[in-house]
Amino acid sequence: MSSDTAVTITREDGESKGRYVARVEGIAETAEMTYSRAGTSRIIIDHTGVPTAMRGMGVGEKLVRRGVEDARKEGVKIIPLCPFAKATIEKHKELQDVLN
């Protein structure tokens, strides 16, 4: 499968924590990116996990991009403590406007 594979991402948002869950048709496992709220104006991305069955499909990057899109819509900044999220944002200049 290629990085153009259809990925469905849903968000589970709690009062202080949340996560994005990615699903790919035909794969039972899910990928996730978790975050915590740091006050009302920042979120901390603390973990991104992609199962082996989804590697090479761009699922992790799609999770980060969705988090960035939502941060822009909500007017919050991102503190990327997760090494994958940090590297992805650093690699793509167009995502860096949400960094705290």
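Presented here is a report on the structure given in the accompanying data block. (Residues numbered from 1 in each chain as written. Predicted model: local features only at pLDDT ≥ 70, side-chain atom pairs only at ≥ 80, totals over all residues. Heavy atoms only, no water.)

## Observations concerning the packing of helix H1 (residues 59-74) against helix H2 (residues 83-91)
The test is simple: Axis definition: a line fitted to C-alpha atoms, over the contacting stretch in the case of helices. Angles run 0 to 180 degrees between N-to-C directions. A run of H or I in DSSP counts as a helix once it spans at least four residues, and a run of E counts as a strand once it spans at least two, with each numbered from the N terminus. Note on angle classes: values under 35 degrees are labelled roughly parallel, values over 145 roughly antiparallel, values of 65 to 115 roughly perpendicular, and the remainder oblique. Two residues qualify as a contact provided that any one of their heavy atoms is within 4.5 Å of a heavy atom in the partner residue. Residues are grouped as follows: Ala, Val, Leu, Ile, Met, Phe, Trp, Tyr, Cys and Pro are nonpolar; Asp, Glu, Lys and Arg are charged; all remaining types, including Gly, are polar.
In the contact formed by H1 and H2, the axes pass within 10 Å of each other and the chain directions differ by 75°. When the interaxial angle is binned, H1 and H2 end up roughly perpendicular. Touching Gly60, Glu61, Val64 and Val68 of H1 are Phe84, Ala85, Thr88 and Ile89, all from H2. Its residues assigned to classes, the contact of H1 with H2 comprises five nonpolar, two polar and one charged.

## Quick look at the packing of aromatic side chains
Heads up, the condition is: The pairing test for Phe, Tyr and Trp rings, Trp by its six-membered ring, is centres within 6.5 Å, and the orientation test on the planes gives stacked under 30 degrees, edge-to-face over 60, and tilted for anything in between. Under the scheme applied here, a residue whose accessible area is under 20% of the maximum for its type counts as buried, over 50% as exposed, and between as partly exposed, the area being computed with a 1.4 Å probe on protein chains only.
Per the counting criterion, the structure on display carries one aromatic pair. Ring centres 5.7 Å apart and planes at 45° place the aromatic pair Tyr20 and Tyr35 in the tilted group. Here Tyr35 lies in strand S3 (residues 31-37) and Tyr20 lies in strand S2 (residues 17-24), a separation of 15 residues in the sequence. In terms of burial, Tyr20 and Tyr35 fall into one category: buried.

## Considering the sheet that holds S3
Worth spelling out the cut-off: One bridge is not enough; two strands pair if DSSP finds at least two bridges between them.
Pairing within the open sheet is mixed, and its five strands lie in the order S1-S2-S3-S4-S5. Bordering the open sheet on either side are strand S1 (7-13) and strand S5 (77-80), each of which pairs with just one other strand. Ignoring strand direction, the axes of neighbouring strands in this sheet form an average angle of 25°. Here six bridges tie S2 to S3, and the two strands are oriented antiparallel to one another.

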